[in-house]
Amino acid sequence: MEFRRVLFRSLVNNAGGFAGAPTDEFPLKMWRDMIDANLTGAFLCCREAFRIMKAQRAGRIINIGSTSAKVPRPKSAAYAASKWGLDGLTRMLAIEAREFGVAVSIIHPGNTVPGVWSGQEDKVKDEGLMDASNVARVAVLMASLPADANLYESIVLPVSMPFLGRG
C-alpha cells in the first residue's frame, strides 16, 4: 500500500521528441517546437506538480533527460539544448523543493527503443540499443524510495554504447 501512495505522489516527465540538422540549417520553428516539447512542457508539468507537492509537503518529480545533456551529438543543437535545460531545471527545482520534502531527480537514458530511435535503429546499431523498460525500472526505483532518500541522477546505457568520446 505504501508503494502505491508514493507512486500517486510522483510525476514522471517523459514527453519529448528529436529533430536534427546542421545548426546553420536548423529552422527557428523546429527549434521552438523542440524547446517547447522537451523543456517548456516539462517546466509546466513540474510547476503544477510542485504546487500540489509543496502543499502536501511530500512528493517526487522525475525528469527523463538524455545522455545528450552530458555528451551531445553533432547536428542536434535544439535537442541538446533542451535536455541541458531540463538538467538545469531539475537541479534548480531539487534545491527549491527539498525544504518541502519533495525529491526531484533526472534519468539520462542512452539509446532506447521505443524512443527517439524508433524506426531509425540502423543509425545507432553500432552503439547498441536497449529497451525503454530499463529506464522505466530506474524510474520505479526512484519513485519507490523512502521519503527521506533521493537518487538524484542516473545514466542508463546499453552496455555497448560509448558514453565519452562518441560522435
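The structure this text deals with has already been given above.
Read on for an overview of the structure. In this text, all values refer to a predicted model and were calculated from it rather than measured experimentally.

The rules behind the values
Residues numbered from 1 in each chain as written. Predicted model: local features only at pLDDT ≥ 70, side-chain atom pairs only at ≥ 80, totals over all residues. Heavy atoms only, no water. Helix = DSSP H or I, 4+ residues; strand = E, 2+ residues; numbered from the N terminus. Buried < 20%, exposed > 50% of the residue type's maximum accessible area, 1.4 Å probe, protein only. Areas by Shrake-Rupley, 256 points an atom, 1.4 Å probe, with all protein chains shown as cover. Salt bridge = Lys/Arg side-chain N within 4 Å of Asp/Glu carboxyl O. Pairing = 2+ DSSP bridges. Axes fitted to C-alpha atoms, helices over the stretch in contact; angles between N-to-C directions. Parallel < 35°, antiparallel > 145°, perpendicular 65-115°, else oblique. Left-handed = near helix turned anticlockwise from the far one by under 90°. Contact = heavy atoms within 4.5 Å.

## Things to note about the overall build of the chain
(1) Moving on: Each helix and strand in the chain was counted, giving five helices and six strands.
(2) Moving on: For the chain, the N- to C-terminal ordering of α and β elements is α-β-α-β-α-β-β-α-β-α-β.
(3) Moving on: For the chain, with 167 residues in total, the buried portion stands at 41%.
(4) Moving on: Of the roughly 9200 Å² that the chain leaves accessible, carbon and sulfur atoms contribute 60%.

## Overview of the pattern of salt bridges
(1) Moving on: The final tally for this structure, using the stated rule, is five salt bridges.
(2) Moving on: The shortest N-O distance in the salt bridge between Glu 48 and Arg 47 comes to 3.1 Å.
(3) Moving on: What makes Glu 48 partly exposed here is its relative accessible area of 35%.
(4) Moving on: The partly exposed category is assigned to Arg 47, whose relative accessible area is 35%.
(5) Moving on: Each of Arg 47, Glu 48 and Arg 51 takes part in salt bridges that share partners, so that together they form one network.

## Focus: the pairing of strand E6 (residues 153-156)
(1) Moving on: By the alternation rule, side chains of E6 split into Ser 154 and Val 156, which are all buried, and Glu 153 and Ile 155, of which none is buried.
(2) Moving on: In this structure, strand E3 (residues 102-109) lies alongside E6, joined through four bridges in parallel fashion. From the neighbouring strand, His 108 faces E6, where its bridge partner is Ile 155.

## A closer look at the packing of helix H2 (residues 28-56) against helix H3 (residues 77-98)
(1) Moving on: The contact between H2 and H3 brings their axes to 8 Å, and the two run at 15 degrees. Taken together, the axes of H2 and H3 lie roughly parallel to each other. The chirality of how H2 crosses H3 is right-handed. Counting all contacts with H2, which are made through Trp 31, Met 34, Ile 35, Asn 38, Leu 39, Ala 42, Phe 43, Cys 46 and Phe 50, the residues of H3 involved are Ala 77, Ala 78, Tyr 79, Ala 81, Ser 82, Lys 83, Gly 85, Leu 86, Leu 89, Leu 93, Glu 96 and Ala 97.

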